[in-house]
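# Examination of the molecular architecture
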Amino acid sequence: MAGKPKLHYLNARGRMESIRWLLAAAGVEFEEKFIETSKDLEKLRNDGSLMFQQVPMVEIDGMKLAQSRAILSYIAAKYNLYGKDIKERALIDMYIEGVADLNEMIMLLPGCPHDQKDAKITQIKEKTTNRYFTAFEKVIQSHGQDYLVGNTLSRADIQLVELLYYVEELDPSLLANFPLLKALKTRISNVPTVKRFLQPGSQRKPPLGEKAIEEARKVWKF
Amino acid sequence: MAGKPKLHYFDGRGRMESIRWLLAAAGVEFEEKFVDTSEDLEKLCNDGSLMFQQVPMVEIDGMKLAQSRAILSYIAAKYNLYGKDIKERALIDMYTEGIADLNEMILLLPISPPDQKDAKITLIKDRTVNRYFPAFEKVLKSHGQDYLVGNTLSRADIQLVELLYYVEELDPSLLANFPLLKALKTRISNVPTVKKFLQPGSQRKPPGDEKTVEKARKIFKF
């Protein structure tokens, strides 16, 4: 029975945000059940709903899918955002794994011990400009097309642009020397489904404030 | 032009070993070019061969594929080890991501600070018997079939059995209460291509010793 996909996670970006972006970009309406206390998480675990006792978990098409990569790949394949053949998929996978590596560093920043934070930020900025942005600028330059792979919108474009927004939050100057990435960001942001998601009132989540980090520490015990 | 896939990595398991297992299980012959020094790695970077300046990298079907997940997914899809439709693929992905999580803990053990090692080992053992092994035993029990997904050999079986060998190296007693996992391990080990890979003289790599870890530190500068 097809209902809307149902997302189980904290009321925060974390490891669910990329899934929200992709569903939204694909024009798929979804529901969210927020985990607010450690009891909420325990209940899901005791229900047997979480294969590895972890969230994100998404109820979709009769499955209780855990593991963010599994969820993202399913959504991408279902909504034709995964290239036209296995070679395009391989390129898309290579790109989004690079995106995920940088995203992971940014995502873990709030949980970083205070005395290590500055060093981590420096490292992130350096990797952003010297490794990741350089790599993706080069891809777009190599074919001059509007999308990263196969001249068609794919999850790679969505996930990269999502990342560009996070980098912009960290330091807007980092995008300065990457005109093709800036153009991609503008172009993808104007895709109607993405544009809607970027507006206030959508299910897009804001960055974590200090209070939210403390709440998360309680629920996830870190 | 189809030649054999060419694997670029250092002469150790690391993040390339799962790829070696999968290629071997698929019956695909492959070559290896070992990164022995940091100069070797630099050369590959300067060649423009490494999209994110990292290995693993595999030359395959005219591509220079980086990111182990991208490589694994391509091989699995190409050799029909990825299920028959997107729902089977979603299950396979969920399973292999759980495997990757536990595998990552074991992989990073040799480089954890000595004063944290015992705690890490305890955590790994706890997760193994309380989270991961029960999850997979439950899957096998739920359908009673010989393979994890779709009653057909897939990458999920190969990657899980690979992990079972690593857990056995850490502590053989951990498998004791999981008869279906033990049976899967035996069954997959007897698949002719896997059996060959398990024999001495194959391209399977031994566990890392102090010397290998030190060598990796020099090459990868960590």
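Below is a short write-up of the structure.

Cut-offs applied
Residues numbered from 1 in each chain as written. Chains lettered and ligands numbered in written order. Predicted model: local features only at pLDDT ≥ 70, side-chain atom pairs only at ≥ 80, totals over all residues. Heavy atoms only, no water. Salt bridge = Lys/Arg side-chain N within 4 Å of Asp/Glu carboxyl O. Buried < 20%, exposed > 50% of the residue type's maximum accessible area, 1.4 Å probe, protein only. Helix = DSSP H or I, 4+ residues; strand = E, 2+ residues; numbered from the N terminus. Polar contact = N/O pair within 3.5 Å; in protein donor to acceptor, adjacent residues only side chain to side chain. Patch = residues over 30% accessible without salt bridge, like charges linked within 9 Å, V, L, I, M, F, W, Y side chains within 5 Å. Areas by Shrake-Rupley, 256 points an atom, 1.4 Å probe, with all protein chains shown as cover. Phe/Tyr/Trp six-rings, centres within 6.5 Å; stacked < 30°, edge-to-face > 60°. Lys NZ or Arg CZ within 6 Å of the ring centre and 35° of its normal. Contact = heavy atoms within 4.5 Å. Buried area = accessible area lost by both parts, 1.4 Å probe.

### Some points on the pattern of salt bridges
Applying the stated criterion across every chain yields a total of 32 salt bridges over all chains. Here D85 of chain A makes a salt bridge to K84 of chain A, at a shortest N to O gap of 3.6 Å. According to the relative accessible area criterion, K84 of chain A is exposed, its value standing at 67%. The shortest N-O distance in the salt bridge between K43 of chain B and D47 of chain B comes to 3.8 Å. Among the charged side chains, a salt-bridge network with shared partners connects E17, R20, E32 and K205 of chain A.

### Let's talk about the side chain of E97 of chain A
With respect to the helices, strands and loops of the structure, E97 of chain A is situated in helix 4 (residues 86-108). In this structure the side chain of E97 of chain A is engaged in a polar contact, spanning 2.9 Å, whose partner is the side chain of R69 of chain A.

### Considering a nonpolar patch on the surface
Residues L108, I111 and F222 of chain B make up a contiguous nonpolar surface patch of roughly 230 Å² in combined accessible area. Along the polypeptide, I111 of chain B turns up in the loop between helix 4 (86-108) and helix 5 (114-143).

### Details of the packing of aromatic side chains
Residues and elements named next belong to chain A. Tallied over the entire structure, the rule returns 15 aromatic pairs over all chains. Measuring from centroid to centroid gives 6.0 Å for Y95 and F136, while their planes differ by 90°, and the two rings are edge-to-face. Here Y95, found in helix 4, pairs with F136, found in helix 5 (residues 117-143); they are 41 residues apart in sequence, far enough to count as distant. Across the pair, exposure class does not vary: Y95 and F136 are buried alike. Seen from the ring of Y165, K185 lies directly overhead, with NZ or CZ sitting 4.0 Å from the centre.

### Description of the interface of chain A and chain B
Taken together, the contact between chain A and chain B spans 36 residues of the former and 35 residues of the latter. Roughly 3000 Å² is buried in total at the junction of chain A and chain B, and carbon and sulfur atoms are behind 63% of that figure. In this assembly, chain A and chain B are joined by 2 salt bridges. Our count for the contact surface shared by chain A and chain B stands at 7 residue pairs in polar contact (both at pLDDT 80 or more). For the side of chain A that touches chain B, the secondary structure elements donating two or more residues are strand 4 (63-66), helix 3 (68-78), helix 4 and helix 5 of chain A. Looking at the side of chain A that touches chain B element by element, the count peaks at 10 residues for helix 4 of chain A.

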